[in-house]
Amino acid sequence: MVAASPFSMRYKKTKAVGIPTIDLSIQNKSEVSRMIVNACEELGFFKVINHGVPEEVIGRMKDEGAQFFGKTMMEKREAGPARPFGYGCKNIGVNGDMGELEYLLLHTNPLDISERSQSINSNDPTKFSCAVNNYVDAVRGLACEILDLAAEGLWVPDKFVFSRLIRDVHSDSVLRLNHYPPSVNEWDPAPSKIGFGEHSDPQILTILTSNDVAGLQICSQDGLWVPVPPDPTSFYVIVGDALQALTNGRFVSSRHRALANSTRQRLSMMYFGAPPLDSWIAPLPEMVSNQNPSLYKPFTWGDFKNAAYSLRLGDTRLDHFKIAI
C-alpha cells in the first residue's frame, strides 16, 4: 500500500455517483448474488446493509481504537514501530509514502493479537484482545458470506473457492485501524491534505467501516473521484487485486484514497481478507476460455505480497504478473 503524490491526484476531479447498496437480508439469494457480481464488475466497491454483525461487536472495537488513539504519543509509541505490525504514524510502508494519519496494524492470528495487546492496552490487554478477536470473527464471516455469494453469481461449481482461502487457519489476513486527526482548517473539498494516498488493496477482499466523518473516495472507471458518504452502521466492501486475478479481470480491484481535511477526527477499520502465504493465485478455470484467455501468471500470495509492498503505494501491482498477449 503506497501513495502517489497529492499533486498528481489533483488533476482528477470528483463527481457524485451512486454507491451500490446491497441488502444481505433479502431472501432471494440469487438476486443478491447477481447484485454483488454487478457491483464487483462495475466499481469493485459496494455497501452492505443488514449484514448481521452485532452492533455491540462493532462498537467495542471502535471504542478500543478510540481509547488507544486518545493516548499520549509516548504511550502509543510503546506499541510500535510498525514493522509491519503495531503502531505507525504518517509513514506508510517502507518506500517513503506519507499520510496525515496514525494507525494500528494487526495480524488476525489470535496469538499475535494477544501478544500485541500487551503493549496496546497494558492495563487490560485481555479486554482489547477480546474486542479484536470478536470483531475479526464477525467480519471474516461477513467476508466469507459475500465471497460465497459472488462465486454463486459467477456460476462457479465450488462456491467456497474464494472463502476457503481466508478461512484457512494459516490465513494472512490483517486488521488495520486508521486514525485521521482533525484538521485545524475548515473542510476543504479540494484534496489539499491526503490522509492515505491512492491505492488498491492487494488482498482478496476488504471489509471497511468508519465513524460518521467523511473522507473516503473511490476512483470510477472514467478516472473521477467519487466521495463515499460515511455510514457507521454499515460496511463497505472493496475488491482486492487477488480477487481480480482469481476472476481473470472480471472483477475490478477498486482504487481508493482518504482525505484528511475534516475538523473532526476520523476513525476507520479495515479487515483485509488474505490467503495463506503459500497459496497459489491464478484465474479460475471457469473464468478462462478461448475468447477470454488467462490474463495473469500463477503466483503465490507470498510472492505477490512481497512484490506489492516493494512498490510505491499508487503503483499498479497486477501489471507485473500479466501475461503478454
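Only a predicted model underlies this, so the values are computations on that prediction, with no experimental measurement involved. (Residues numbered from 1 in each chain as written. Predicted model: local features only at pLDDT ≥ 70, side-chain atom pairs only at ≥ 80, totals over all residues. Heavy atoms only, no water.)

### Here's the deal with the layout of surface pockets
This is how the line gets drawn: Only protein atoms enter the 1 Å grid, on which a cavity is a set of points fitting a 1.4 Å probe that cannot get out and a pocket is an open set with protein on both sides within 12 Å along at least 5 of 7 lines, lining residues being those with an atom within 4 Å of a point. Grid points are joined across faces, edges and corners, and a volume is the space filled by probe spheres set on the points. Helix numbers and strand numbers start at the N terminus; a helix is a DSSP run of H or I with at least 4 residues, a strand a run of E with at least 2. Residues are grouped as follows: Ala, Val, Leu, Ile, Met, Phe, Trp, Tyr, Cys and Pro are nonpolar; Asp, Glu, Lys and Arg are charged; all remaining types, including Gly, are polar.
Its volume calculated, the largest pocket comes out at about 610 Å³. If you trace the largest pocket, you find 29 residues lining it, with Ala82, Pro84, Gly93, Tyr103 and Leu105 closest to the centre. For the lining of the largest pocket, the secondary-structure elements that each account for two or more residues are strand S3 (86-92), strand S4 (97-107), strand S5 (174-180) and helix H9 (301-309). Per element, the largest residue contribution to the lining of the largest pocket is five residues, and it comes from S3. Every residue lining the second largest pocket is counted, 18 residues in all, and those nearest its centre are Gln244, Val252, Ser253, Ser254 and Arg255. Considered class by class, the residues forming the lining of the second largest pocket number five nonpolar, seven polar and six charged.

### A closer look at the sheet that holds strand S11 (residues 256-259)
Quick reminder of the rule: Pairing between strands is defined by DSSP: at least two bridges between them are needed. Fitted lines through C-alpha atoms give the axes, limited to the stretch in contact for helices. The angle between two N-to-C directions lies from 0 to 180 degrees.
Overall, antiparallel pairing links the four strands, which are arranged S6-S11-S8-S9 in an open sheet. Pairing within the sheet leaves two strands with one partner each, and these edge strands are strand S6 (194-199) and strand S9 (225-227). Averaged over all neighbouring strand pairs, the angle between strand axes comes to 25°, with direction disregarded. Note that S6 and S11 share three bridges and pair antiparallel. Along S11, the bridge assignment pairs Phe196 with Ala258.

### Some thoughts on the sheet that holds strand S1 (residues 21-23)
Where we set the bar: Here, residues are in contact when the closest pair of their heavy atoms is within 4.5 Å.
The strand order across the open sheet built from eight strands is S1-S2-S10-S7-S12-S5-S4-S3, with neighbouring strands paired in mixed fashion. Two strands close off the open sheet at either side, each with one partner strand: S1 and S3. Strand-to-strand twist across the sheet, computed as the mean angle between neighbouring axes with direction ignored, equals 25°. Bridge count between S4 and S5: six bridges; the pairing is antiparallel. The partner of Leu106 across the bridge, within S5, is Leu175. Its contacts with the sheet put helix H3 (residues 55-69) on S3, S4, S5, strand S7 (205-210), strand S10 (235-239) and strand S12 (266-273), and the angle it makes with S12 is roughly 120°. Most of the contacts of helix H5 (residues 110-120) go to S4, to which it runs at about 125°, and overall it touches S3 and S4.

### Considering the packing of aromatic side chains
In plain terms, the rule: Two rings from Phe, Tyr or Trp (for Trp, the six-membered ring) form a pair when their centres sit within 6.5 Å of each other. Planes less than 30 degrees apart are called stacked, planes more than 60 degrees apart edge-to-face, and all others tilted. For every residue, the accessible area obtained with a 1.4 Å probe (protein chains only) is divided by the maximum for its type, and the residue is called buried under 20%, exposed over 50%, and partly exposed between those limits.
Under the criterion given, the structure shown has seven aromatic pairs. Measuring from ring centre to ring centre gives 6.1 Å for Trp301 and Phe304, while their planes differ by 50°; the resulting arrangement is tilted. Of this pair, Trp301 and Phe304 both sit in helix H9, three residues apart, which is roughly one turn of the helix. Phe304 matches Trp301 in its accessibility class, with the two residues each being buried. Taking the centre distance of 5.3 Å and the plane angle of 65° together, the rings of Phe304 and Phe321 count as edge-to-face. Here the residue Phe304 occupies a position in helix H9, and Phe321 occupies one in the segment after H9, the gap between them amounting to 17 residues. Residue Phe321 is classed as buried on the basis of its relative accessible area, which comes to 14%. Among the aromatic residues, those joined into a ring-pair cluster are Phe299, Trp301, Phe304 and Phe321.

### Thoughts on H3
Quick note on the threshold: An expected span of 1.5 Å times one less than the residue number is assigned to each helix. By arc we mean the arc of the directions from the helix axis to the C-beta atoms, nothing more.
Taking 1.5 Å of rise per residue, the 15 residues of H3 would be expected to cover 21 Å, and the 21 Å separating its terminal C-alpha atoms lies within 8% of that figure. Buried within H3 we find Val57, Ile58, Met61, Lys62, Glu64, Gly65, Phe68 and Phe69. The buried residues of H3 occupy an angular sector of 160° when projected down its axis, which confines them to one face.

### Observations concerning the side chain of Ser234
Rule in force here: Any N or O atom pair separated by 3.5 Å or less is treated as a polar contact, with the protein-specific requirement of one donor-capable and one acceptor-capable atom, and with residues adjacent in sequence counted only for side-chain atom pairs.
Within the secondary structure, Ser234 sits in the loop between S9 and S10. Take Ser234: its relative accessible area is 3%, and that puts it in the buried class. Within the structure, Ser234 has its side chain in polar contact with the side chain of Asp231 (distance 2.9 Å). Leave out the neighbours within four places in its chain, and Ser234 touches Lys47, Val48, Ile49, His51, Leu208 and Thr209.

### Some remarks on the pairing of S12
In terms of burial, S12 is a largely internal element, eight of the eight residues being buried. Where burial is concerned, the two faces of S12 agree: the one with Arg266, Ser268, Met270 and Phe272 and the one with Leu267, Met269, Tyr271 and Gly273 are both buried. As judged from the seven bridges shared by S5 and S12, these two strands associate in the antiparallel manner. Bridging across to S12, Leu175 finds its partner in Tyr271. Pairing between S7 and S12: six bridges, direction antiparallel.

### Considerations on the confidence of the model for the protein
Quick note on the threshold: Per residue, pLDDT measures the predictor's confidence, with a range of 0 to 100.
In this model, the protein carries a mean pLDDT of 91, and residues with pLDDT of at least 70 account for 92%. Below a pLDDT of 50 lies the segment residues 1-12, which in the model reaches 40 contacts outside its immediate sequence neighbourhood of four places, other chains included.

### Observations concerning unusual backbone geometry
In the segment running from Gly80 into Pro81, the intervening peptide bond is cis, with an omega of -5°. Summarising the element assignment, Pro81 is placed in the loop between helix H4 (73-77) and S3. Residue Pro84 is reached from Arg83 by a cis peptide bond, and omega for that bond is -5°. With respect to the helices, strands and loops of the structure, Pro84 is situated in the loop between H4 and S3. A positive phi is found at Lys90, a non-glycine position, where the angle reads about 70°. Relative to the helices and strands, Lys90 resides in strand S3. Look at Asn248: it is not a glycine, yet its phi comes out positive at around 55°. Looking at the secondary structure, you find Asn248 in the loop between helix H8 (241-246) and S11. Classification of Asn248 by relative accessible area gives buried; the value is 7%.

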